[in-house]
Amino acid sequence: YAIAKYLDVFDPAENQKIMQGKRDIFNELIQPTPLVVEEISQGGFFQIVNFRNVTKTMTDVEFSKWLTVEKKVSCLPLSAFYNSKTDSDYIRFSFAKKDDVIIQALEHLKRNL
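A short tour of the structure in this document, coming up.

Criteria and thresholds
Residues numbered from 1 in each chain as written. Predicted model: local features only at pLDDT ≥ 70, side-chain atom pairs only at ≥ 80, totals over all residues. Heavy atoms only, no water. 1 Å grid on protein atoms, 1.4 Å probe; cavity = no way out; pocket = protein on both sides within 12 Å on 5 of 7 lines; lining within 4 Å. Points joined across faces, edges and corners; volume = space filled by probe spheres on them. Helix = DSSP H or I, 4+ residues; strand = E, 2+ residues; numbered from the N terminus. Buried < 20%, exposed > 50% of the residue type's maximum accessible area, 1.4 Å probe, protein only. Polar contact = N/O pair within 3.5 Å; in protein donor to acceptor, adjacent residues only side chain to side chain. Contact = heavy atoms within 4.5 Å. Axes fitted to C-alpha atoms, helices over the stretch in contact; angles between N-to-C directions. Parallel < 35°, antiparallel > 145°, perpendicular 65-115°, else oblique. Left-handed = near helix turned anticlockwise from the far one by under 90°. Nonpolar A, V, L, I, M, F, W, Y, C, P; charged D, E, K, R; others polar. Pairing = 2+ DSSP bridges. Core = buried A, V, L, I, M, F, W, Y, C linked by side-chain atoms within 4.5 Å. Expected span 1.5 Å × (residues − 1). Arc of directions from axis to C-beta.

## A short note on the layout of surface pockets
Here's step 1: Its boundaries defined by the atoms lining it, the largest pocket holds a volume of some 240 Å³.
Here's step 2: Lining the largest pocket we find 14 residues, and of these Val73, Ser74, Phe93, Ser94 and Lys97 sit closest to its centre.
Here's step 3: Elements supplying a minimum of two residues to the lining of the largest pocket: strand S3 (90–94) and helix H4 (99–112).
Here's step 4: The element that contributes the greatest number of residues to the lining of the largest pocket is H4, accounting for four residues.

## Comments concerning the side chain of Ser41
Here's step 1: Mapped onto the elements of the fold, Ser41 is located in the loop between helix H2 (12–30) and strand S1 (46–50).
Here's step 2: What makes Ser41 buried here is its relative accessible area of 10%.
Here's step 3: Here the side chain of Ser41 touches Phe46 through a polar contact of 3.0 Å, landing on its backbone oxygen.
Here's step 4: Ignoring sequence-local partners within four residues, the contact set of Ser41 consists of Arg23, Phe46, Gln47 and Phe95.

## A short note on the packing of H2 against H4
Here's step 1: Between H2 and H4, the shortest axis-to-axis distance is 9 Å and the interhelical angle comes to 15 degrees. As summarised for this structure, H2 and H4 are arranged roughly parallel, according to the angle between their axes. Here the hand of the crossing between H2 and H4 comes out right-handed. Along the contact surface, H2 presents Lys22, Ile25, Phe26, Leu29 and Ile30, while H4 presents Asp99, Ile102, Ile103, Leu106 and Glu107.
Here's step 2: The residue makeup of the contact of H2 with H4, split by class, is seven nonpolar, no polar and three charged.

## Topic: the pairing of S3
Here's step 1: Sheet topology note: the S1/S3 ladder contains five bridges and is antiparallel. The residue of S3 that forms the bridge with Phe46 is Ser94.
Here's step 2: In this sheet, S3 lies alongside strand S2 (residues 76–77) in antiparallel orientation, the contact comprising two bridges. Bridging from a neighbouring strand, Pro77 pairs with Ile91 of S3.

## Observations concerning the environment of Glu39
Here's step 1: Note that Glu39 resides in the loop between H2 and S1.
Here's step 2: Residue Glu39 is classed as exposed on the basis of its relative accessible area of 62%.
Here's step 3: In this structure, the C-alpha to C-alpha distance between Glu39 and Asn50, residues eleven residues apart in sequence, is 10.0 Å.

## Details of the nonpolar core
Here's step 1: By size, the foremost hydrophobic cluster in this structure holds 17 residues, and its most contacted members are Phe26, Leu35, Leu67, Ile91 and Phe93.
Here's step 2: Counting only elements with at least two residues in this core, the list comes to H2, helix H3 (60–70), S3 and H4.

## Brief notes about H4
Here's step 1: Given a rise of 1.5 Å per residue, 14 residues ought to cover 20 Å, and the 20 Å separating the end C-alpha atoms of H4 matches this to within 8%.
Here's step 2: Looking at H4, one finds that the buried residues are Ile102, Leu106 and Leu109. Considered in projection along H4, the buried side chains sweep an arc of 55 degrees and stay on one side of the axis. For H4, exposure combined with an orientation more than 90 degrees from the buried face picks out Gln104 and Arg111.

Interpretation in functional terms is not warranted from these geometric data alone.
So this is what it looks like as structure tokens:
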């Protein structure tokens, strides 16, 4: 019932603008880091990022754990979404956060990577 009521007031066009703004903040602030956005997200609220400029030896799972535990910024390994679980050069970040959380996380990565 609560979801049905929420959908009465949910505006997809407004939500799209909000998420695009968050995506743009994320992608602007990640540029000074060694993490590379090869293709800007066109839907959803995740940005896929290549991490190989940081390490050539860690798997995407190892890198995700390291970034989360040691650098205190959470991401997911892309291989978690593969049936084969094959290692990847990519991780994904969610930008469905408050703008200040996105900014703090990327400023932290800029100083600590």
